[in-house]
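Residue-level structure breakdown
Below are the chains, spelled out letter by letter.
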Amino acid sequence: MKEILLGKLNGHALPHEWFTIGGTVAFVLLALFAVIVLTWTKRWTWLWKEWLTSVDPKKIGIMYFLVAGFMLLRGGLDAIMIWLQQALSSGASHGYLSADHFQQIFTAHGNIMVFFVAMGFVFGLINYIVPLQIGARDLASPFLNTLGFWLYIGGVIMVNMFFALGGEYAATGWLAIAPLSETQFSPGVGVDYWIWSLQISGIGTTLGGINFVMTILKMRAKGMTLWKMPMFTWGSLCSMLMVITVFPLLTATLFLLFLDRYFGMHFFTTGSGGNAMMYTNLIWMWGHPEVYILVLPAFGVFSEVVSAFSRKRLASYKSQVAGLIGVTVFALSVWLHHFFTMGAGADVNAFFGVMTMVIAIPTSVLVFGWIATMYKGRIRFTTPMLWFLGFIATFSLGGLAGVMLAVPPADFQLHNSLFLVAHFHTMVIGGVLFGIFCGINYWFPKIAGFRLNERIGRYSFWFWIVGFFVAFVPLYVLGLMGATRRLDHYDASTGWQPLFIMSFIGGLIIMVGVALQVVQIIASVIQKRQLRDTTGDPWDGRTLEWATASPPPFYNFAVIPEVTTRDAYFEIKQNGGLPKPKYEDIRMPRNTAAGIYVAAFAFIASFAFVWHINWLAIAGIVGVILCLIIRTFNEDTEYTITAAEVEKLEERRQKKHAAAKPPEDAEDMGLWEFIKIVVTWALDVIRNKRWRTW
Amino acid sequence: MPQKRKKNGIGRTVGLIFLAFASLALIIKALMHGHNIALFNSKGMIAYDERNLIIFTAVVLLSVALPTLFVLFFTAWRYRESNSKATHNPNAVHNKLLVPAIWLIPTACMLVLALVMWPATHRLEPQKQIDESVEPLTIQVVSTRWKWLFIYPEQNIATVNFVQLPVNTPVEFELTADDAPMSSFWIPNLSGQLYTMTGMVNRLNLMATVAGDYPGSSAEINGAGFAEMKFTARASSRADFDQWVQQTKQSPKVLDAAAYSALLKPSENNPPAFYAATESGLYDTVVMRYMGPSDGHPNHSHGHHE
């Protein structure tokens, strides 16, 4: 009876190791704190109405940023734990983690960083910026967008669920390669948590992909042909097209693994006709494009930033677009380079090696295009530009290592070594994450209404980039020394320890960079009067998102501008600015909680599958279907803002901006000043017992 | 918004960056204190060829990447807003050769690499025997949880976590796995790695050229005992090898069904073991067990084969 009710869930599952107990306590305290703050300030209704049920891509984008930023800290903690273990665990010392625990940590680290940090940030940027860049007021399907976001949240909770409820996480590496991930070798619930965390967030990603492809193709401002589309939108379009192409593959692969584990089937098992090599092929057919899904929007960000801060049109625009499309197409035909060592034979290996080299060509074209854009430009070295230059330094190193790995006989030696680990960290940190930081620094004034502190931003950049090289160059060397990845222990005779320690120190330097980014944001909030952007166009931008206010009204544009050239807003400014607005009625989508309900039921079903609680799984699936059906019968999903109302709103905002004091010509706050302000504030709070008035 | 910067700010930054990279290299060199870079310290024919290929690829790529990087950072520095000497021209029209150039330079670079890579991939294909006219020494490898079993079919001996081979003799490893996840067989000093999988035989040909002890491991994660799943590969003279075979034949242990069954039990950090004789056809049985139409769970059948 108990088994029918609770499946495999019982007292043994509850947290009982120091790290799960610690995690549980931390999460519960954090949740309690949030609840107390929300209740104290009476913000529950506000939170629900203004944010959680919102279909505004700008608000959803901000929520993506917050969750991804939080997960960056969570995944960063994992990274530090991995580094520390490897720095300690040489010879007689076995470090402070068991092999199993260590393996769970690096698996979680990989999943969190790729799915919930990089994907979260990329979707955040796309949500916020793409509609503004193409002059749209909302998305093709606002409901799909909120549903996708909440499925992503479901994945985030699922990947952390073992902290709250117990069990363990997968100890298989981030792609849970079969047959290691089969019940035979991983009998616990760890792999099931892995499957369902990726499954629900992956379905959310697919929905997001469909939505954004529709939005970009169908909802551009009048006059914006494909050849006039901004580069970030191009990067996002290519990325989302790839999402639609390959994410269903992930869904199917995970489903087959689920069938193996739940129903004892034999798709990828060692015996009974299972074929584990099929799993490796399928997961990499998705997994390789996945990295390009992340990096293409980042390429787009860099193209925007280089052009804006060189005060010049992007050079060789068509070649750059062709480069993006080239990467998109070829990314689908290189997956086998992840397992040259499986023994497919020389012809197959050589073919995929050539394909991988081909993909380096469009990528190089993008780099050359950026150089040509800077040529004869008037370059401002703002923080976004610094992140771009940092990206170039790291990305070319990583790209070089990548082409080396594309040569099959070289790969036989480099594969599975720390050289490989260093390579993909260079690509994902140097390419994707730096691109995201670049984009956030660039678009922050648009999002918040004030720009970020440049000075502390520079500090954080330098800590990041120095830490990056100190952390990852030793890993390249270690790989050449024959160090394999994922080692929880190694012999002292290898002489690897000093380099592992150096890498760990690099990790700590990166952490300082992360801390400074948090400081950067806080300092900017403190100083926001000086940093305020009243024009909507703080950088002298070139694309449409700068044509509206900062932050934009919920309808993005009171009047959608007409596009005649590629750098649409730059052209408008050259021709004397936006014309006097002629307001008209605006149709906007209504907020909906349906996405939350569907995702909640999907989460319940997934949770039930993890613990083999059949009745609950069925209930969850029925709930999903019912919610979707009920939602489809809701025809009142839009409302109208009349032209008069728009005019009133616009006037009110203009008045507010006019009243706002223009930015003082003050230096951005430095670190020392920041510390002084915070200490003074804290002393003031304590001395005058200010919490009483909160 | 533009930051106030001292005149030579960027020039000094560039100098600092060079200094930083130089010191990074020196620190790493110092931290390695004489430990060898296995991939560049090749002791076998295949590893040596692979090493040369790695170096060649790196050199070709650097010859394009370094100038590109130089041009990029120089351009960024040269056209900085505060540089009144540079011509800033936002309407600069690009040379007609720009577009062909940016496509042709990387294409040429990749073409060179591909033209070297294609034959190299065929030459260094692990399945290909080193010398078609010489019958290689066959060593059968079974990865289990978490140890390496080596069977010498011609010598009729077996070892665990230790493999000895004669130098200047082509050796063919026949790789498979039993009751274990995918692993990867790797001796960096002698050759690149290849996966071991249940029901599959992968062939890895190599030839040691210098005598010595070389570390081997599983490069692919395969569970809790992964990090300690190591072995020593000893390359020795032919005479030493023959003597070692004779010595191993004196071992009291025999690899029979019971001994093999014990090896399949998961265990970590196993010391080397030596078996005087093996059950005939053991390796083929191990491979074929996973081939049948409905052979059931391998756990139920091991140890009972003929």
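Note that the structure is predicted; figures quoted are calculated from it, not measured. (Residues numbered from 1 in each chain as written. Chains lettered and ligands numbered in written order. Predicted model: local features only at pLDDT ≥ 70, side-chain atom pairs only at ≥ 80, totals over all residues.)

1. Some details on the overall build of chain B
Defined as follows: Here a helix means four or more residues in a row that DSSP labels H or I, a strand means two or more in a row labelled E, and each is numbered from the N terminus. Between the buried cut of 20 or more and the exposed cut of 12 or fewer other C-beta atoms within 10 Å of a residue's own C-beta lies the partly exposed class, and all C-beta atoms are placed from the backbone. Any two residues are considered in contact once their C-beta atoms, placed from the backbone, lie within 7 Å.
A tally of regular secondary structure across chain B gives 7 helices and 11 strands. When its C-alpha atoms are laid out on the principal axes, chain B stretches across 85 × 45 × 40 Å. The buried share of chain B, taken over its 306 residues, is 38%. Considering only residue pairs separated by 6 or more positions, chain B has 71% of its internal contacts joining residues 24 or more positions apart.

2. Some points on unusual backbone geometry
Here Ser550(A) and Pro551(A) are connected by a cis peptide whose omega angle stands at -15°. Mapping Pro551(A) onto the fold places it in the loop between helix H17 (528–531) and helix H18 (568–574). The amide bond that connects Arg145(B) to the next residue, Trp146(B), takes the cis arrangement and shows omega of -15°. One can find Trp146(B) in the loop between strand S1 (137–144) and strand S2 (147–152). Despite not being glycine, Arg311(A) has its phi angle at roughly 50°, a positive value. By the secondary structure assignment, Arg311(A) is in the loop between helix H9 (276–309) and helix H10 (317–330). With a phi angle near 50°, Ser316(A) is a residue other than glycine that sits in the positive phi range. Within the fold, Ser316(A) resides in the loop between H9 and H10.

3. Considerations on the sheet that holds strand S7 (residues 191–196) of chain B
Residues and elements named next belong to chain B. The test is simple: Two strands qualify as a pair provided that DSSP identifies no fewer than 2 bridges between them. All axes are obtained by fitting lines to C-alpha atoms, using only the stretch in contact for helices, and the reported angles, taken between N-to-C directions, cover 0 to 180 degrees.
Here we have 5 strands laid out as an open sheet, ordered S4-S10-S9-S6-S7, and mixed in their pairing. Both edges of this open sheet fall to strand S4 (162–166) and S7, since each of them pairs with a single strand only. Neighbour-to-neighbour, the strand axes of the sheet open up by a mean angle of 20°, direction not taken into account. Of the strand pairs in this sheet, S4 and strand S10 (residues 230–236) are connected by 5 bridges, and their pairing is parallel. Directly across from Val163, in S10, lies its bridge partner Ala233. Here helix H4 (residues 238–249) sits on the sheet in contact with S4 and S10, set at roughly 135° to S4.

4. Some thoughts on the sheet that holds strand S3 (residues 157–160) of chain B
All names here are of chain B. Pairing is mixed in the open sheet, where 6 strands are placed in the order S8-S5-S1-S2-S3-S11. The strands lining the two open edges of the sheet, one partner per strand, are strand S8 (202–206) and strand S11 (273–275). Direction aside, neighbouring strands of the sheet carry axes that sit 20° apart on average. Both S1 and S2 contribute to a ladder of 5 bridges, which runs antiparallel. Pairing of Val142 across the sheet is with Leu149, part of S2.

5. Brief notes about the nonpolar core
The criterion, for reference: We define the nonpolar core as any set of buried residues of the types Ala, Val, Leu, Ile, Met, Phe, Trp, Tyr and Cys, connected via C-beta atoms lying within 7 Å of each other. All domain edges in this entry derive from an automatic or database-based domain assignment.
Among the nonpolar cores identified, the biggest contains 303 residues, and Ala118(A), Tyr193(A), Phe302(A), Val305(A), Phe388(A) and Cys438(A) are the most heavily contacted of them. Sort the elements by how many residues they give to this core and helix H5 (residues 99–133) of chain A lands first, with 22 residues. Built from parts of two domains, this core gets at least three residues from each of domain 1 (9–83 + 108–123) and domain 2 (137–294) of chain B. Not counting residues up to four positions away in its chain, the partners in contact with Phe302(A) are Trp370(A), Phe388(A), Phe391(A), Gly435(A) and Cys438(A).

6. Notes on the confidence of the model for chain B
All names here are of chain B. As a reminder, the rule being used: As a per-residue measure, pLDDT tells how confident the predictor is, with possible values from 0 to 100.
Summarising the model, chain B shows a mean pLDDT of 89, and 92% of its residues fall at 70 or more. Segment residues 1–7: pLDDT under 50, and 4 contacts once partners within four positions in sequence are set aside and those in other chains are kept. Counting contacts from residues 295–306, a segment whose pLDDT is below 50, to residues more than four positions away or on other chains yields 24 contacts. Model confidence for the complex: the whole-complex pTM is 0.93, and ipTM, which rates the interface, is 0.92.

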